[in-house]
Amino acid sequence: MFRFRIKALRKEKGYSQSELAKIIGISQSAVASWESGVRIPTSDTLQQLAEFFEVSVDYLLGRSGDRDIRPLAADGQDTFVAIGRNGKVVKMELTDEKMKILLSIIDALNNDNDPQL
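Since this is a predicted model, take the numbers as computed values, not measurements.

> It is not clear to me how the pattern of salt bridges should be interpreted in this structure. Could you clarify?
A side chain with one charge may pair with a side chain of the opposite charge, provided their charged atoms come close. Counted by the stated rule, this structure contains 1 salt bridge. Among the salt bridges present, the one from Arg10 reaches Glu35, with a minimum N-O distance of 2.6 Å. Placement of Arg10 in helix H1 (residues 2-13) and of Glu35 in helix H3 (residues 28-35) is noted, with a sequence separation of 25 residues between them. The same class applies to Arg10 as to Glu35, namely buried.

Here it is, written out as structure tokens:
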């Protein structure tokens, strides 16, 4: 799936393999090997590609069909969260109350000394 998505995204932006390679800082042959399915990029390069094309790494790898990336923000305006679960993505709109609960869970998970909510 990656080989098809990277090629489609590159063409959508109007870049040749050489131009994309120059932007990312790799060789044109590396891009060609991705698009032919011979190789896949390193995790760092995948992240760089995802940022450049404004898609998720999961989209690039074919784990998600959703290209839309929405930032997690506490401003209460049109905020969504997507969480992987059993290979599927669960999306939900976050109200201010749900956002507070989610942030308290994240804080609890980050606190090794106090795992209680």
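> Any chance you could explain the packing of aromatic side chains here in plain terms?
Both the distance between ring centres and the angle between the ring planes are used here to describe each pair of aromatic rings. Under the definition given, this model contains 3 aromatic pairs. Taking the centre distance of 6.1 Å and the plane angle of 70 degrees together, the rings of Phe2 and Trp34 count as edge-to-face. Pair noted here: Phe2 is in helix H1 and Trp34 is in helix H3, with a separation of 32 residues, a long-range link. Across the pair, exposure class does not vary: Phe2 and Trp34 are buried alike. The interplanar angle of 75 degrees and the centroid separation of 4.9 Å between the aromatic rings of Phe52 and Phe53 together place this pair among those described as edge-to-face. Its relative accessible area of 21% is what places Phe52 among the partly exposed residues. Here the basic side chain of Lys13 rests over the ring of Phe52, its NZ or CZ set 4.9 Å away from the ring centre.

> Teacher, can you tell me more about the packing of helix H2 (residues 17-24) against helix H4 (residues 43-53) here?
Viewed as axis vectors pointing N to C, H2 and H4 meet at an angle of 110 degrees, and their least axial separation amounts to 11 Å. On the basis of their axis angle, the class for H2 and H4 is roughly perpendicular. As H2 packs across H4, the resulting crossing turns out to be right-handed. Between H2 and H4, the residues in contact are Leu20, Ile23 and Ile24 and Thr45, Gln48, Leu49, Phe52 and Phe53, respectively. For the contact of H2 with H4, the residue count by class is 6 nonpolar, 2 polar and no charged.

Conventions adopted
Residues numbered from 1 in each chain as written. Predicted model: local features only at pLDDT ≥ 70, side-chain atom pairs only at ≥ 80, totals over all residues. Heavy atoms only, no water. Salt bridge = Lys/Arg side-chain N within 4 Å of Asp/Glu carboxyl O. Helix = DSSP H or I, 4+ residues; strand = E, 2+ residues; numbered from the N terminus. Buried < 20%, exposed > 50% of the residue type's maximum accessible area, 1.4 Å probe, protein only. Phe/Tyr/Trp six-rings, centres within 6.5 Å; stacked < 30°, edge-to-face > 60°. Lys NZ or Arg CZ within 6 Å of the ring centre and 35° of its normal. Axes fitted to C-alpha atoms, helices over the stretch in contact; angles between N-to-C directions. Parallel < 35°, antiparallel > 145°, perpendicular 65-115°, else oblique. Left-handed = near helix turned anticlockwise from the far one by under 90°. Contact = heavy atoms within 4.5 Å. Nonpolar A, V, L, I, M, F, W, Y, C, P; charged D, E, K, R; others polar.

The analysis is restricted to geometry; functional conclusions fall outside its scope.
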